[in-house]
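Observations on the model geometry
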Amino acid sequence: MRKFILLAALAAIAMPSTALAAQPHRGDRHRDRVEVRHDRHEVRRDRREVRRDRNRHQVREARRDHRELRRDRHELRRDRRDVRHDRRHYRRHYAYVSPYRGWRYRPVSIGFRLRPAFYGPRYYIGDYGYYGLRAPGRWQRWIRYGNDLLLVNIRTGRVLRVIHYRYW
């Protein structure tokens, strides 16, 4: 009996440390964000160079810069995908439970009127930067609606922006 109790105590002590090791370190997430920002700046710089070369009628330079632009865009997409993948495993999200019995998900579009029951703390996205969203304006909130994120004017209930499949 002692062996089982000792084994259970060891397992309880070991589990939290393995769970912490599986989560990405904050420094890694920061480094990834900086890398994405750097790639975004490179894409902008390459776009300017392509435009400049086209205006100067320098065809070879424009082609070379356009190839660099494509390569940098591809790298930016890959880095964004990696950041999203890392973020999916960082936090635990729960199944979506609607505020109404018998409710079924229906895709919404801009202008759709959302009921106030969806504004509750269960559906409100407070950490919008985690999902790569801009800060909501006055009287606006990011709301989870199924796996979609909606920017809603909470005074009128109107949907201002829809981002499909962003809630992970």
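Residues numbered from 1 in each chain as written. Predicted model: local features only at pLDDT ≥ 70, side-chain atom pairs only at ≥ 80, totals over all residues. Heavy atoms only, no water.

**Some remarks on the environment of Arg 40**
The line we're drawing: Each helix is a run of DSSP H or I of at least 4 residues and each strand a run of E of at least 2, with the numbering of both proceeding from the N terminus.
By secondary structure assignment, the location of Arg 40 is in helix 2 (residues 26-55). Remark: the alpha-carbon pair of Arg 40 and Asp 72, spanning 32 residues in sequence, is separated by 8.2 Å.

**Observations regarding the confidence of the model for the protein**
Formally: Each residue carries a pLDDT value, the predictor's own confidence for that position, ranging from 0 to 100. Two residues form a contact once any of their heavy atoms are found within 4.5 Å.
Looking at the protein, the pLDDT average stands at 78 and 75% of residues meet or exceed 70. When the elements of the protein are averaged for pLDDT, helix 1 (residues 2-22) gives the smallest value, 57, and strand 3 (residues 159-163) the largest, 93. pLDDT under 50 marks residues 17-24. Its contacts with residues more than four places away, or in other chains, come to 4 contacts.

**Looking at the sheet that holds strand 3**
We apply this condition: At least two DSSP bridges between two strands are required for those strands to pair. Axes, fitted as lines to C-alpha atoms, cover a helix only where it is in contact. Angles between the N-to-C directions of the axes lie from 0 to 180 degrees.
On the basis of which strands lie adjacent, the open sheet formed by 3 strands has the order 1-2-3 and antiparallel pairing. The strands lining the two open edges of the sheet, one partner per strand, are strand 1 (140-145) and strand 3. The average undirected angle you get between the axes of adjacent strands in this sheet is 20 degrees. The sheet contact formed by strand 2 (residues 148-153) and strand 3 spans 4 bridges and is antiparallel. Looking at strand 3, one finds that Leu 150 is bridged to Val 162.

**Section: the pairing of strand 1**
Pairing of strand 1 with strand 2, which is carried by 6 bridges, proceeds in the antiparallel orientation. Within strand 2, the position partnered with Trp 142 by the bridge is Leu 151. Linkage of strand 1 to strand 2, two consecutive antiparallel strands, is achieved through a turn of 2 residues, within which Gly 146 is found at a positive phi near 70 degrees.

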